[in-house]
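Structural overview
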Amino acid sequence: MSTITESFTPEQILFIESRVFDTLSQHFDYTLGTPKRRACLAKAFEASNFDALLQRAKTTSPKMINPGAALASAFPEMRKSVGLNTVHLSASDMILLQARHDDEDDNLVMARETGFTLILSINDDDPLVFDERNLDVHLSAAAHQILRDAFAAGARLVEFDQEIELSEYYPDMQADNPNDNCLKGMRCPSCGEFGAFSIETEGVDPESTFALSQGQIQAQLASGELAITRYMTTWFDDGSQETAGDTDFVADGACQCVHCQHEGVLAQFVDVV
Ligand SMILES: [Zn+2]
């Protein structure tokens, strides 16, 4: 078979073997000489002779002799996958996915040392429509976007692995957080930016107090002339220019990213680490 080994790719050899084994029982005879065995091979592939068979394999492969195509019919379901580096997941995403891996009732997330594999669940009504059950409310908006994009790209498996090259299409959700003052620990869960954010704030309304000193504000608060209200205002890590007197973020209040306009509640903009 040395001639064949030199003339065919390993994939072609595999395929030929699979055909020859089938041919053996019907046509092949080990006592036959080389010319007859070659004729036998030619017959198995419906070629006029062995040289024609070789010629066909060279010119039409791998289309004609493709074990992948032959094998595909053996698998009822093919799941296309896409891969991204784990930095495109936030630290809280990583913790959540590990917890889902550990949950015996959740078989859609698998964790390994270098990353995670997510199986996208398929919509019962229409498999071509993204299944909203894939959107775990605890996952970041950035992770949700990746899952939606992966599905739209035809994937039904999403791999996150630290060995995969970083993507320029998605933010690095694990870059060091520079906020250490007003916005300590805050990061947009959608675009990964660190501020500014428009945050629901509790305090005296700056519109009605811009002409007052801190002492006057305190006095009017005490007399009831001024009241504490809630309003949206823009915050940077070093403060806000639109507040007067003491202010606090509303704990379960609204928050919006100035960069990408993503909206959510304050807690969703806070990194776990
Ligand atoms: Zn943003």
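Residues numbered from 1 in each chain as written. Predicted model: local features only at pLDDT ≥ 70, side-chain atom pairs only at ≥ 80, totals over all residues.

A separate point is the overall build of the protein. The helix and strand tally for the protein stands at eight helices and nine strands. Once local pairs closer than 6 in sequence are excluded, the contacts in the protein between residues at least 24 apart make up 66%. (Helix = DSSP H or I, 4+ residues; strand = E, 2+ residues; numbered from the N terminus. Contact = placed C-beta atoms within 7 Å.)

Glancing now at the pairing of strand β3 (residues 115-119). Bridge count between strand β2 (residues 109-112) and β3: four bridges; the pairing is antiparallel. In the strand pairing of β3, R112 is matched with G115. Taking the residues that link successive antiparallel strands as the turn, the β2-β3 hairpin has two residues. Two elements, β3 and strand β4 (residues 157-161), share five bridges in a ladder whose sense is antiparallel. The residue bridging L118 from the neighbouring strand is V158, located in β4. (Pairing = 2+ DSSP bridges.)

Before going further, it helps to spend a moment on the nonpolar core. Counting 17 residues, the largest nonpolar core has L89, A143, I146, V158 and F160 as its most contacted members. Residue assignment for this core shows that the elements contributing at least two residues are α6 (91-102), β3, α7 (141-152) and β4. Not counting chain neighbours up to four residues away, the residues in contact with A143 comprise L89 and D93. Grouped together as the second largest cluster of nonpolar side chains are ten residues, L183, M186, C188 and C255 included. (Core = buried A, V, L, I, M, F, W, Y, C linked by C-beta atoms within 7 Å. Buried ≥ 20, exposed ≤ 12 C-beta atoms within 10 Å, placed from the backbone.)

To continue, consider the pairing of β4. One ladder, built from four bridges, connects strand β1 (residues 81-84) with β4; its direction is parallel. Note on β4: the bridge partner recorded for L84 is F160.

Note that G203 resides in strand β5 (residues 197-204). For the pair G203 and F249, spaced 46 residues apart in the sequence, the C-alpha separation amounts to 9.0 Å.

So, about unusual backbone geometry. For the peptide bond that leads from G195 to A196, omega is 5°, which places it in the cis range. Among the structural elements, A196 can be located in the loop between β4 and β5.

With mixed pairing, the four strands of this open sheet are ordered in space as β1-β4-β3-β2. Whereas interior strands pair on both sides, the edge strands pair on one side only; in this sheet they are β1 and β2. For this sheet, the mean inter-axis angle between neighbouring strands, taken without regard to orientation, is 15°. Along the sheet, α6 makes contact with β2 and β3, crossing β2 at roughly 105°. (Axes fitted to C-alpha atoms, helices over the stretch in contact; angles between N-to-C directions.)

So, about α6. For α6, spanning twelve residues, the distance from its first C-alpha to its last is 17 Å, which sits close to the expected 16 Å at 1.5 Å a residue. Restricting attention to buried positions, one finds in α6 the residues D93, M94, L96, L97 and R100. Seen end-on, α6 carries its buried residues on one side only, within an arc spanning 165°. For α6, the elements touching its buried residues are β2, β3 and α7. (Expected span 1.5 Å × (residues − 1). Arc of directions from axis to C-beta.)

Our focus in this paragraph is the confidence of the model for the protein. Per-residue confidence for the protein gives a mean pLDDT of 84; residues scoring 70 or more make up 81%. When pLDDT is averaged over each element of the protein, strand β8 (residues 254-257) comes out on top at 97 and helix α1 (residues 2-7) at the bottom at 48. (pLDDT = per-residue confidence, 0-100.)

Now for the environment of A153. Here A153 shows up in the loop between α7 and β4. As a C-alpha pair, A153 and S81 span 72 residues in sequence and 9.4 Å in three-dimensional space.

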